[in-house]
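A closer look at the structure
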Amino acid sequence: MEDLVAYADIIGTIAGILVLSSFVPQIVKAYKTKKMFDVSAHLMILIASGMFLWVIYGFIRSDPVIIGTNATGFALNITLLILKLRYDKMQQSSTIKI
């Protein structure tokens with residue numbers, strides 16, 4: 001039974017790394033282009049909210065894999081949301097100038 005738990009933790013960790021690594025290209029692209037108008041803030045808010053709830057669930061279950069993966073995902077999502085708000089504001093202010 002302990003072997004199954006160890007394998008589950010390994011699978012969960014690999015799954016978390018794969019999911020979290022999907023955020024990195026979007027963050028890099030946003031930082032380089034300074035454009036995120038085509039990325040939905042609503043989607044990021046929903047994903048961040050879900051990840052925050054998963055962190056709470058992880059604490060209740062005392063599961064470090066769930067806590068670590070979702071806390072990191074929450075932070076990456078908030079980073080994307082901040083970039084979106086900042087760059088969308090920059091885009092709006094540059095188009096208003098006459």
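Residues numbered from 1 in each chain as written. Predicted model: local features only at pLDDT ≥ 70, side-chain atom pairs only at ≥ 80, totals over all residues. Heavy atoms only, no water.

**Some details on the nonpolar core**
We count it as follows: We call a set of buried residues a nonpolar core when its members are Ala, Val, Leu, Ile, Met, Phe, Trp, Tyr or Cys and they connect through side-chain atoms within 4.5 Å of each other. For every residue, the accessible area (1.4 Å probe, protein chains only) is compared with the maximum for its type, and the residue is labelled buried under 20%, exposed over 50%, or partly exposed between those bounds. Elements are defined by DSSP. Helices are runs of H or I of four residues or more, strands are runs of E of two residues or more, and each kind is numbered from the N terminus. What makes two residues a contact is simply this: any of their non-hydrogen atoms within 4.5 Å.
Counting 14 residues, the largest nonpolar core has F23, M36, M44, L80 and L83 as the members making the most contacts within it. Among the elements that line this core, the one with the most residues is helix α4 (residues 64–96), at 5 residues. Not counting residues within four places of it along the chain, the set of residues in contact with M36 comprises A30, M44, L80, L83, K84, Y87 and D88.

**Points about a nonpolar patch on the surface**
The line we're drawing: Patch membership requires more than 30% relative accessible area and the absence of a salt bridge. Residues of like charge join within 9 Å; the nonpolar side chains Val, Leu, Ile, Met, Phe, Trp and Tyr join within 5 Å. Computed with the Shrake-Rupley method and a 1.4 Å probe, the accessible areas treat only the protein chains shown as cover for residues. Any Lys or Arg side-chain nitrogen located within 4 Å of an Asp or Glu carboxyl oxygen qualifies as a salt bridge.
Judged by side-chain polarity, Y7, I10, I11, I14 and L18 come together as a nonpolar surface patch covering roughly 560 Å² of accessible area. By the secondary structure assignment, L18 is in helix α1 (residues 2–21). For L18, a relative accessible area of 56% translates into the label exposed.

**Things to note about the environment of T79**
For the record, the criterion: Here a polar contact is recorded for every N or O atom pair within 3.5 Å, except that within protein the pair must consist of a potential hydrogen donor and a potential acceptor, and residues adjacent in sequence are included only if both atoms are side-chain atoms.
Structurally, T79 can be placed in helix α4. Look at T79 and you get partly exposed, because its relative accessible area is 34%. Between the alpha carbons of T79 and I27 there is a distance of 7.8 Å; along the sequence they are 52 residues apart. Of note is the side chain of T79, whose polar atom sits 2.8 Å from the backbone oxygen of A75.

**As for the pattern of salt bridges**
In total, this model carries 1 salt bridge according to the counting rule given. For the salt bridge of K84 with D88, the shortest nitrogen-to-oxygen distance reads 2.7 Å. In this pair, K84 and D88 both sit in helix α4, 4 residues apart, roughly one turn of the helix.

Purely spatial values, then, with no claim about function.
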